Number of protein chains: 4
Amino acid sequence: MENTKIAVIGGDRRMLFCAKAFLSDGYDVSVTGFDNLCENIAVKKLPLEKNIILCDKVVLPLPCIKGEKIFAPYSENDIKCTEYLSALLNEKTVYTSMKEKLLENFPALKEENVFDYSSREDFAIQNAVPTAEGALSIAIDNFEGTIFRSRCLVCGFGKIGKVLSKRLYDMGADVTVSARKQSDLSYIETQEYNAVNTYEIKRELPFDIIFNTVPALVFDAKTLKMIARNALVIDLASLPGGVDFEAASLYDIKAIQALSLPGKYAPKFAGEVIKNTIINMFKEETG
Amino acid sequence: MENTKIAVIGGDRRMLFCAKAFLSDGYDVSVTGFDNLCENIAVKKLPLEKNIILCDKVVLPLPCIKGEKIFAPYSENDIKCTEYLSALLNEKTVYTSMKEKLLENFPALKEENVFDYSSREDFAIQNAVPTAEGALSIAIDNFEGTIFRSRCLVCGFGKIGKVLSKRLYDMGADVTVSARKQSDLSYIETQEYNAVNTYEIKRELPFDIIFNTVPALVFDAKTLKMIARNALVIDLASLPGGVDFEAASLYDIKAIQALSLPGKYAPKFAGEVIKNTIINMFKEETG
Amino acid sequence: MENTKIAVIGGDRRMLFCAKAFLSDGYDVSVTGFDNLCENIAVKKLPLEKNIILCDKVVLPLPCIKGEKIFAPYSENDIKCTEYLSALLNEKTVYTSMKEKLLENFPALKEENVFDYSSREDFAIQNAVPTAEGALSIAIDNFEGTIFRSRCLVCGFGKIGKVLSKRLYDMGADVTVSARKQSDLSYIETQEYNAVNTYEIKRELPFDIIFNTVPALVFDAKTLKMIARNALVIDLASLPGGVDFEAASLYDIKAIQALSLPGKYAPKFAGEVIKNTIINMFKEETG
Amino acid sequence: MENTKIAVIGGDRRMLFCAKAFLSDGYDVSVTGFDNLCENIAVKKLPLEKNIILCDKVVLPLPCIKGEKIFAPYSENDIKCTEYLSALLNEKTVYTSMKEKLLENFPALKEENVFDYSSREDFAIQNAVPTAEGALSIAIDNFEGTIFRSRCLVCGFGKIGKVLSKRLYDMGADVTVSARKQSDLSYIETQEYNAVNTYEIKRELPFDIIFNTVPALVFDAKTLKMIARNALVIDLASLPGGVDFEAASLYDIKAIQALSLPGKYAPKFAGEVIKNTIINMFKEETG
C-alpha cells in the first residue's frame, strides 16, 4: 500500500499537513494548489493535470468546494469544475469531503469512485479532540474566573460532549452533562459528572459556562434566562446551532458561536485526522 | 410516587441495601426473608403474604430463583413457587431479575405485569463501576508489581471495558484496549489509550495484566502463548468466558475467573443500583 | 471577624472581585478608586479619607504602586503617596502587595502594621491554577497541533510546574518534567510523567511545546538549538525569565513571554485569591 | 558503572526482584541466601564468603536484621553477625536498610562505608505508589459500597497522602485531605480535593472511609465517635500508628492496621525501588 501515489489537490494548510502525514507514513505524495504559500512545504508540487494522471488516488480538500471551484486558497490559478477535470478524476479513486456538494459541481463524476471521509464516524471522533481544546481556549479567554471550580454545563453527550466534559472535569470544574437517553445519563454518572435530562435543563441551578453541542434550539430565551444569566455561552453545534443569540444579547449574556475549531486551533492535527481517516478507508477496501 | 408501598422479597444483603435505599428516597418499604440476618436492619419486616397484599409493587431479588425457590438465603422458611404466591403476585407489578427463569418457575404469572431490571442497559452501566473496582482489587492482590507502569490489556470496549480502562490509566498503567469497530478504535485513541483491533491481538507485545470482558474465546492457547506468558489474566466476561483456562494452566499462566463482582465487592452499591434502575423504570412508566 | 470593616483602595478589576468576595463572606466592605468603571459594581463606594477612617483594615492593590502613586486605573483622582495618607494608614492594619515598594513610597509608614499578601506561599500556590490555565490557552492558540499527543516539556517542578504538568497530562500530552533534586525527580515519576534532570535537559529529544517556569537562563542558545528547533516556547518565569529570546528569534523558534497570567486570564479568581490569602492572614493573627 | 559487581545478601522475594532489576540494568549480580526458593531465579548464586569477596558493592536486605541475624528467610543456613563477616564487609561499600540496627549487630563495622537506602526520601516517595495501591485494595475489599462516590478522608498530605488522594479522586471518591500547614491546605485545594485542618477534623461531617498516614494519635476515641461511626478506618502510619483501635472496637468501627504494604502487594516493584534508590546513591557518589 505504501507505494500508492497520492495527489492532494487544493485546500488550506490542513491539506498540506495531511500531505506531509501521508509522506511520513511512506506514501508517495504530490500536491497541487500551494504555489502562494510562503514556506518550505517539503512536499513535491505538481501541476493539476499531471498530478492527477500520475497518481492512484486523489484527495480533495475540506471544504471541497467554495464558490463553484475546488477550494484552493493558496493556488495561483482557480481550480474550476470543468468537464475535463471530471474526466481526469473519473480514472481514479477520489477521497473528498462533502461528497454531495462535489457531485453537484461535477455532474459527470462517477459516484461509485468517490468516497467521503468527512461523513465518517472515525473522522468526527478524532476531530472531537481539537474541538474540545479550542472550546477550552475560548472559555479560558472569555470567562473571568478559572475553569477550575467553575460550574460548567455540557449539553449533549455525543462525540464532542464526551471529550469536552472529560477535559473540564480534569481541570477541576464542577461538570454537569445533559443527555436524553437513560443509558447515557447512567454512563455520565459513572464518569463522575452530574447528569441531567436535557428536557429538564431549565430547572437546574445557574451555571458559569455553558457549552452546547446539540444542533437544536435547546437554549431558547426562556432557558437562557433561567440558567445562563451570568454565564458564558459557547455554541459548538453545527449550523443553525442551538442558542438564541438575539435573546442572549437582550439579556446581556455573552454568547459565542464557535465553528470549525479543528482547522482554526490545530490545523496540523486536523490534517492528520484526514490522513488517518483515509487510511482507515484504504484498510476497509482491502480488508 | 413516594407514597408507593414497596415489598422486597428475599435476596442477600444486596436486597437489604436496595430496601434501605428505597427507604431513604422516601418510599414505604417492607422486607420479607431476612429473619436470620444478625444485624439491626432498620427496615420493617413483614410475613410474605401480608407484605405482598399490602404493597403496590413487589421487588424480587438478584438472582431471583435458586433451586426452584425464590432466592432467600436469610429466610427462616423457604419461599416456594406456589400457585398461591403466583396468584398474590398477579395482583401487583413485579420487578425482578432474570424474568425468563421466574416465568418458568411461576407458569401462571401474568407476563405483562413482570418487568426485568437486570436486563436493562442502565443496570449494566452502573454495575460496571463496582465490577471495575473488584477487578482492580484482584489485580493489585495477584500481580507482583504495581498497576502503576504495568502494561495492561483490556479486551473489549463495552460498559466494563470503558470504566476499567479509565481506572487503569488513572493509576498510571500503560493501557491498551482492543475493539473491533473502527469508530471504537478511534474513540479509544482520543481517551489516550493504545488501540488494537481484537483480530490482531496476537501480534501485540506481551502484557503484564490482561483483563478480558468479551464473552467469546479470544484468549485461546495460541494467543495466551503469544502475549500472556508472564501475565496475570483476569476474565470478567460472563460464562462461558473468554479464556482457555486449561491452556493457561499448561503454560503456567495465572488466570482468574472473576464473576459477579458487584455483589462480592460492593453489595451496598449493588443494592443501590437495583433501586436506581427500578426508579428509572417507574419514571418511564409515568412518562 | 465578619463584623470587620474592610477598605479596598485602588487596583484594577481584580480588586473589585476581591472586594465582592469579602462581601459574600459577610464582611462590611467599601471601595475607593472605581469611579470610572462603567458597570454596576455592587459594592459600596466611599471617598479615600472616609473609607480609611471608618474601616478596621485596609487592603491595597496588586501591584500596589505605579508611577509613585497607589495603582488605581479606574480612579477619577490620583491617589498620591502623601504624608497625610501615610498618617491615616498608620492607624490601621494594612494588607498590601510588594511591601518594600510601598514602604519606599511611604517612608513614614509603620512597617509593623503592614503585611504583604503577595509574598506568601499560599498566595503563589493558588495563583498557579490561573497561571496554568492561561499557559494552556496560549499553547492551544499558538501550537499548530493539539496538546493531545504533543511532546511537552515543563521546566521546573515548583508551584506552577506541578499544576501545569497535571493539566497537560490530563489533556493527553506526553509530559516530561525537569527538576534538580532527586526527591523531586522521584516524585515526578510517581505522577506518571517522564523525569529529567534540568542539568541534562540538552540531551533530551526535541519537544513540541516547552514551558519554562524557572527564573534562570535554562534555555540559552545551545539548549534551544538542541531541543526546541520546531517547538513553541512559553516562558512563565518571572523577569528576567529563562529564555534567550534573541537566540530563539535567530533560529526562527516561536517564543512567548507570558507574565501576570492570573490577572489577564482570570481576574475574578485572582481577586478571590487575594481575599482568601488575607483571610488566612486574619486566622493566623487570631489563631 | 555497569561493570560494577554487586552482591545481594539475604532478604525475601523483594531482594530477588532487586537483584534481577540490577541484572537488567546491565550490572553483574550474584545472590546469597535464596537456596530454598523453589523457582528458577535467573540470577547467579554464590556462597556468602565468595560473593562478598568477589563483589564491589554489597546490598543488604529490607529489613536487614531479624533475630540478631541477617534477614534471610530462604537461606539454608543462618547468616550470623560474626566478626569475620564484619571484616569481609569492611572491605566493601555496603548498602543497607535500617543502618543503626545493622551497626548494633556489627559493632566492628566501619560506619563510613555503610549507606542506608531505606532512610532516603526518594525511597519513601517511590514506595508511596505500592502503598497507595495496597490501601486501595484493602478499601475495596472491606468497604461495602464502592470507592466511587464514597466520602473519603485522607489524614496527612505527605508522600503517601499525595499519591493516595489522587488515586481516590480519580476513582470518583469525594476526597477530603487534612493537613496542618496553610500552604499544604492551599495546595490540596488546587488538586480539587476538600481541605481541612487536622486540628479541626472533629468538626467534619462523617466519612465512609478514613485513611490515616500521620504517626500520631489523631483518631482518638472522641474523633472516631464524631466522624467514623459508620466508617472503615485504615491506618497506614508507621508504628505506633494514629488510631485508637480499642476505642474503634468499642464503637464497633472496622479499623485495619495496614503496614509494609509495598512488600505485601508489590514485591517486584518494592525490589525495583531498592535498586532505583541505590543507583541514585551511586550517581550522587560519582556525580
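So, here is what we can say about the structure in this document. Please read all numbers here as calculations on a predicted model, not as lab measurements.

**Concerning the pattern of salt bridges**
At step 1: One pass over the structure, following the stated rule, counts 56 salt bridges over all chains.
At step 2: In this structure, the salt-bridge partner of R120 of chain C is E284 of chain C, at a minimum N-O distance of 2.9 Å. Residue R120 of chain C is found in the loop between β9 (114-116) and α5 (121-142), and its partner E284 of chain C is found in helix α11 (residues 267-286); the two are separated by 164 residues along the sequence.
At step 3: Judged by relative accessible area, R120 of chain C falls into the buried class, the value being 17%.
At step 4: Note on E284 of chain C: relative accessible area 45%, which makes it partly exposed.
At step 5: A salt bridge links E121 of chain D to K159 of chain D; the shortest N-O distance between them is 3.8 Å. With E121 of chain D in helix α5 (residues 121-142) and K159 of chain D in helix α6 (residues 159-170), this pair connects stretches of sequence that are 38 residues apart.
At step 6: The exposure class of E121 of chain D is partly exposed, given its relative accessible area of 44%.
At step 7: It is possible to trace a salt-bridge network through shared partners that takes in R120, D122 and E284 of chain A.

**Points about the packing of aromatic side chains**
At step 1: Counting across every chain of the model gives 41 aromatic pairs over all chains.
At step 2: Among the aromatic residues, ring-to-ring pairing joins F22, Y27, Y95, F115 and F282 of chain A into one connected group.
At step 3: Just above the ring of F157 of chain C sits the side chain of K162 of chain C; from NZ or CZ to the centre is 4.8 Å.

**So, the environment of K264 of chain C**
Residue and element names in this part refer to chain C.
At step 1: Secondary-structure assignment places K264 in helix α10 (residues 261-265).
At step 2: Given the relative accessible area of 58%, K264 is considered exposed.
At step 3: Along the sequence, K264 and E91 sit 173 residues apart, while their C-alpha atoms lie 34 Å from each other.

**A word on the environment of G156 of chain D**
All names here are of chain D.
At step 1: Here G156 lies in the loop between β10 (151-155) and α6.
At step 2: Measuring from C-alpha to C-alpha, the distance between G156 and A179 comes to 5.2 Å, with 23 residues separating the pair along the chain.
At step 3: Residues within four places of G156 in sequence aside, it is in contact with G161, V177, S178, T213 and V214.

**Structural notes on the environment of E104 of chain B**
At step 1: With respect to the secondary-structure elements, E104 of chain B resides in helix α4 (residues 99-105).
At step 2: Along the primary structure E104 of chain B and N40 of chain B are separated by 64 residues, whereas in three dimensions their C-alpha atoms are 35 Å apart.

**Points about the pairing of strand β2 (residues 28-32) of chain D**
Residues and elements named next belong to chain D.
At step 1: By the criterion of burial, β2 is predominantly enclosed, with four of the five residues buried.
At step 2: Pairing analysis gives five bridges linking strand β1 (residues 5-9) to β2, with the strands arranged parallel. Bridge assignment links I6 to a residue of β2, and that residue is V29.
At step 3: The parallel pair β1 and β2 is bridged by helix α1 (residues 13-24), and the resulting crossover is right-handed.

**Comments concerning a nonpolar patch on the surface**
Residues and elements named next belong to chain A.
At step 1: Taken together, I53, L54 and Y84 make up a surface patch of nonpolar side chains, about 310 Å² in accessible area.
At step 2: As for its placement among the helices and strands, I53 is situated in helix α2 (residues 48-54).
At step 3: For I53, a relative accessible area of 46% gives the class partly exposed.

**Some words on the side chain of S75 of chain B**
At step 1: When you line up the elements, S75 of chain B lands in the loop between β6 (69-70) and β7 (79-80).
At step 2: A polar atom in the side chain of S75 of chain B sits 2.6 Å from the backbone oxygen of N77 of chain B.

**Quick look at the packing of helix α6 (residues 159-170) of chain A against helix α6 (residues 159-170) of chain C**
At step 1: It is at 10 Å that the axes of α6 of chain A and α6 of chain C come closest, and there the two elements cross at 165°. Classified by the angle between their axes, α6 of chain A and α6 of chain C sit roughly antiparallel to one another. Both α6 of chain A and α6 of chain C take part in a crossing whose hand is right-handed. Listed contacts from α6 of chain C to K166, R167 and D170 of chain A of α6 of chain A are K166, R167 and D170 of chain C.
At step 2: Considering only residue class, the contact of α6 of chain A with α6 of chain C consists of no nonpolar, no polar and six charged.

**Remarks on the sheet that holds strand β5 (residues 65-66) of chain B**
All names here are of chain B.
At step 1: Spatial strand order, β5-β6-β7: three strands in an open sheet with antiparallel pairing. Each edge of the open sheet carries a strand with a single partner, namely β5 and β7.
At step 2: In this structure, β5 lies alongside β6, joined through two bridges in antiparallel fashion. Looking across to β6, one finds that K66 is bridged to K69.

**Quick word on the relation of the copies chain B and chain C**
At step 1: Note on the identical chains: chain B maps onto chain C by a rotation of 180° and an axial translation of 0.0 Å, with an RMSD of 0.0 Å. Taken together, the rotation and translation relating the two chain copies correspond to the operation of a two-fold axis. Rotation axis and chain B: the residue whose C-alpha lies nearest the axis is D170 of chain B, separated from it by 4.6 Å.
At step 2: A share of 100% of the interface residues of chain B reappears at the interface of chain C, consistent with the copies meeting face to face through the same patch.

**Some thoughts on the side chain of S97 of chain A**
All names here are of chain A.
At step 1: Its place among the elements puts S97 in the loop between β8 (93-96) and α4 (99-105).
At step 2: Note on S97: relative accessible area 0%, which makes it buried.
At step 3: Within the structure, S97 has its side chain in polar contact with the backbone oxygen of P61 (distance 2.8 Å).
At step 4: Setting aside anything within four residues of it in sequence, one finds S97 in contact with L60, P61, L62, P63, C64, D116, Y117 and S118.

**Here's the deal with empty space enclosed by the protein**
At step 1: A complete count under the given rule lists four cavities of 30 Å³ or more for this structure.
At step 2: The calculated volume of the largest cavity comes to roughly 150 Å³.
At step 3: In this structure, the largest cavity is lined by 13 residues; those nearest its centre are D170 of chain A, D170 of chain B, K166 and D170 of chain C together with D170 of chain D.
At step 4: The class makeup of the residues in the lining of the largest cavity is four nonpolar, no polar and nine charged.
At step 5: In this structure, the second largest cavity spans a volume of roughly 120 Å³.
At step 6: What lines the second largest cavity is F157, K162, K166, Y187, Q191 and Y193 of chain A together with F157, K162, K166, Y187, Q191 and Y193 of chain B.
At step 7: Elements supplying a minimum of two residues to the lining of the second largest cavity: α6 of chain A together with α6 (159-170) of chain B.
At step 8: Looking at the lining of the second largest cavity residue by residue, the classes come out as six nonpolar, two polar and four charged.

**Some thoughts on the interface of chain C and chain A**
At step 1: Taken together, the contacts link 25 residues of chain C with 25 residues of chain A.
At step 2: When the buried surface of chain C facing chain A is broken down by residue, E133, I140 and E144 of chain C rank first, second and third, together holding 29% of it.
At step 3: The tally of links from chain C across to chain A stands at two salt bridges.
At step 4: The shortest N-O distance in the salt bridge between R13 of chain A and E144 of chain C comes to 2.2 Å.
At step 5: Here chain C and chain A share 11 residue pairs in polar contact (both at pLDDT 80 or more) between them.
At step 6: Elements with a contribution of two residues or more to the side of chain C that touches chain A: α1 (13-24), α5, α6 and α11 of chain C.
At step 7: Here the side of chain C that touches chain A gets eight residues from one element, more than from any other, and that element is α5 of chain C.
At step 8: Class assignment of the residues belonging to the side of chain C that touches chain A gives a composition of 13 nonpolar, four polar and eight charged.

About the criteria used
Residues numbered from 1 in each chain as written. Chains lettered and ligands numbered in written order. Predicted model: local features only at pLDDT ≥ 70, side-chain atom pairs only at ≥ 80, totals over all residues. Heavy atoms only, no water. Salt bridge = Lys/Arg side-chain N within 4 Å of Asp/Glu carboxyl O. Helix = DSSP H or I, 4+ residues; strand = E, 2+ residues; numbered from the N terminus. Buried < 20%, exposed > 50% of the residue type's maximum accessible area, 1.4 Å probe, protein only. Phe/Tyr/Trp six-rings, centres within 6.5 Å; stacked < 30°, edge-to-face > 60°. Lys NZ or Arg CZ within 6 Å of the ring centre and 35° of its normal. Contact = heavy atoms within 4.5 Å. Pairing = 2+ DSSP bridges. Right-handed = clockwise from strand over helix to strand, strands pointing away. Patch = residues over 30% accessible without salt bridge, like charges linked within 9 Å, V, L, I, M, F, W, Y side chains within 5 Å. Areas by Shrake-Rupley, 256 points an atom, 1.4 Å probe, with all protein chains shown as cover. Polar contact = N/O pair within 3.5 Å; in protein donor to acceptor, adjacent residues only side chain to side chain. Axes fitted to C-alpha atoms, helices over the stretch in contact; angles between N-to-C directions. Parallel < 35°, antiparallel > 145°, perpendicular 65-115°, else oblique. Left-handed = near helix turned anticlockwise from the far one by under 90°. Nonpolar A, V, L, I, M, F, W, Y, C, P; charged D, E, K, R; others polar. Least-squares fit on C-alpha atoms with pLDDT ≥ 70 in both. 1 Å grid on protein atoms, 1.4 Å probe; cavity = no way out; pocket = protein on both sides within 12 Å on 5 of 7 lines; lining within 4 Å. Points joined across faces, edges and corners; volume = space filled by probe spheres on them. Buried area = accessible area lost by both parts, 1.4 Å probe.

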